[in-house]
Amino acid sequence: MIDTPVFFSGIGGSGMLPLASIVCAGGARVAGSDRSLDAGRTPQKFDYLRSLGIQLFAQDGSGLQPGMTLVTSAAVEDTVPDVVRARELGLTHLTRPQFLAQLLNAAQRSVAVGGTSGKSTVTGMIGWILQACHRQPTVMNGAVMKNFVTPSAPFASALVGDPALFVSEVDESDGSISLYRPEVAVLTNISLDHKEMAELRGLFAGFLKAAKKAVLNLDDPETRALADAVGSDKVVGYGFDSPGAAFMGKDLQLLSDGVSFAVHAEGARHEVGLSVPGRHNASNALAAIAATSLLGVRIEDAANALGRFEGLKRRLETVGKAKGVTVIDDFAHNPDKIDATLATLRAQPGRLLIMFQPHGFGPLSKMGEQLADSLAKGMEADDRLFLPDPVYQGGTTERHRGSDWLAAQVRDCGRKADHVAERPAIGDALVAEARSGDRILIMGARDDTLIDFAEDLVSRISGRN
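Being a predicted model, the structure only gives us computed values, none of them experimental. Counting restarts for each chain, with residues numbered from 1 along the sequence as it is written. Only residues with pLDDT of at least 70 are given local features in this predicted model, and only at 80 or more are side-chain atom pairs given and counted; all residues enter the totals for whole chains, interfaces and linings. The side-chain quantities take in all heavy atoms of the structure and omit both hydrogens and water.

Asker: Explanation requested: helix H15 (residues 423–433) in the structure shown.
Answerer: Residue pairs three or four apart in sequence face the same way in an α-helix, which turns once every 3.6 residues. Accessibility here uses a 1.4 Å probe with only protein chains present; expressed as a share of the type maximum, an area under 20% marks a residue as buried, one over 50% as exposed, and anything in between as partly exposed. What counts as a helix is a DSSP run of H or I of at least four residues, what counts as a strand is a run of E of at least two, and both are numbered from the N terminus. Regarding H15, the residues found buried are Arg423, Ile426, Gly427, Leu430 and Val431. Buried residues of H15 fall within an arc of 135 degrees about the axis and therefore sit on the same side. Away from the buried face of H15 by more than 90 degrees, exposed residues Pro424 and Ala432 are located. In this analysis, two residues are considered to be in contact whenever any of their non-hydrogen atoms come within 4.5 Å of each other. Elements that come into contact with the buried residues of H15 comprise strand E18 (352–357), strand E19 (384–387), strand E21 (439–444) and helix H16 (450–462). This arc is built from the directions going out from the helix axis to the C-beta atoms.

Asker: For this particular structure, what's the right way to read the pairing of strand E13 (residues 247–255)?
Answerer: Within a regular strand, the side chains alternate between the two sheet faces. The pairing of strand E12 (residues 235–239) with E13 spans 2 bridges and is parallel. Across the sheet, Gly239 pairs through a bridge with Met248, a residue of E13. By definition, two strands form a pair when at least two bridges between them are found by DSSP. Pairing of E13 with strand E14 (residues 258–265), which is carried by 6 bridges, proceeds in the antiparallel orientation. Within the sheet, the bridge partner assigned to Leu254 lies in E14 and is Val259. Between the antiparallel neighbours E13 and E14 lie 2 residues.

Asker: What is the right way to read the side chain of Arg351 from this model?
Answerer: Structurally, the position occupied by Arg351 is in the loop between helix H12 (335–346) and E18. Looking at Arg351, the relative accessible area reads 8%, which means it is buried. Among the polar contacts listed, one links the side chain of Arg351 to the side chain of Glu433, at a separation of 2.8 Å. Of note is the side chain of Arg351, whose polar atom sits 2.7 Å from the side chain of Asp438. Among residues more than four places away in sequence, those in contact with Arg351 are Asp382, Asp383, Glu433, Arg435, Gly437, Asp438 and Arg439. Nitrogen and oxygen atoms within 3.5 Å of one another constitute a polar contact, given that in protein one can donate a hydrogen and the other can accept it, and given that sequence-neighbouring residues count only through two side-chain atoms.

Asker: Can you help me understand empty space enclosed by the protein in this one?
Answerer: Gaps left between atoms show up when a probe the size of a water molecule is rolled over them. Note on definitions: the grid is 1 Å and covers protein atoms alone; a cavity is a set of points where a 1.4 Å probe fits but cannot get out; a pocket is an open set with protein on both sides within 12 Å along at least five of seven lines; lining residues have an atom within 4 Å of a point. Grid points are joined across faces, edges and corners, and a volume is the space filled by probe spheres set on the points. Evaluation of the coordinates by the stated rule reveals 1 cavity of 30 Å³ or more. Here the largest cavity is characterised by a volume of approximately 50 Å³. In terms of lining, the largest cavity is formed by Leu254, Leu255, Pro277, Gly278, Thr344, Ala347 and Gln348. Any residue that is not Ala, Val, Leu, Ile, Met, Phe, Trp, Tyr, Cys, Pro, Asp, Glu, Lys or Arg is counted as polar, Gly included; the first ten are nonpolar and the last four charged. Classifying every residue of the lining of the largest cavity by side-chain character gives 4 nonpolar, 3 polar and no charged.

Asker: It is not clear to me how the sheet that holds strand E2 (residues 30–33) should be interpreted in this structure. Could you clarify?
Answerer: For sheets, the rule is that strands pair by backbone hydrogen bonds, running either parallel or antiparallel. With parallel pairing, 5 strands are arranged side by side in an open sheet as E3-E2-E1-E4-E5. Looking along the sheet, the strands with just one partner apiece sit at the ends: strand E3 (55–57) and strand E5 (92–95). Strand-to-strand twist across the sheet, computed as the mean angle between neighbouring axes with direction ignored, equals 25 degrees. As paired strands, strand E1 (residues 6–9) and E2 are joined by 4 bridges and run parallel to one another. Its bridge partner lying in E2, Ser9 is registered against Ser33. Packing against the sheet, helix H4 (residues 81–89) makes contact with E1, E2, strand E4 (69–72) and E5, and its axis sits at approximately 150 degrees to E4. For helices, the fitted axis covers only the stretch in contact; all axes are lines through C-alpha atoms, and the angles between them, taken along N-to-C directions, range from 0 to 180 degrees.

What follows is the structure in structure tokens.
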């Protein structure tokens, strides 16, 4: 129970909104601010927060009062008026992961899901299994979980249940993964994203060592390499290609509308059918089954629940179909996620018309070559790629590499790629280009308006002569 009022600065963020929802439902007085609210962006999100009883303020410090705790997202700098005002009032100031770690570490039973890719989906799967098995978990996710969406809860990235059973996605991008002390730590994979590989290995090793049990993807070489450092008594492995896995996937079938496979564990075989596509989602399901088994859920019950798992918003989500054209929205933004998305879509027929919006100039500088390679190898000769300018929300980030550079790199690999600075012009090009049988894929992160862009394409194509 939180016994002081909490003010969330950056409350509309993907990691802040569910956390604020959980704290509010627990009985604490919650308020917040967000620069997107001030700019009039995504008003439906803020209407939802108000419907929960959360009071919203301009991000000018006016909402801060004596006795509050300030929680800030990574996007909120020390110069933001909210932070300045909190210092003036002498308020306790915690970052989002510091606050989240307090909740998770206080739970009697907890699962923390980390990794470069798949952690939101695995978190959603674990949450759904536990809920379907009447365990009433509290779930903190970075994406909207479709199974929990209702007319009154359209932004269901959190599930409020028993605070003693806490499941959360945890992030390594700012090093805060070292704060968590879960009963069960899940590690999906390790690949280049926010930090250099050497630093990532150290962060994830510390995360696993702090847990009582570690569920590891043995199909991923980097994750498998950490098993020895963690200790065999603590490790529970899963995978399709690793004979030593305690939860072994077999007979994988990639279907147009999902996947099916069998999990061999504890001396028995259990069939699993998913309505979310791709080998990566079968791997995610193995992780969820392994993690929930450590909480006492029968494998058979977990497998049955996953058959009713609906997936997450912005994770290979079919937004709509019009005139034979399918529009898909996806969160893919690093090489590993792009690889998984394009491999899944390439397994089915149809040309791909892709818009990939880089999620910042920093990522282009850090992993531009890998992004270009993933895009090029995932495309066929007749696919087309459109690249708007990267997401930029101010600051001092070096901007020597832009989307024009990325487009040139993909073209050098023999694929069709164009830099078109403004998104509306890309929308015009996609509507004009798309024909029956094509699939339009929208990829990117850190921008809540991408789903609106995708939905508008469906509407425009539907109304096309």
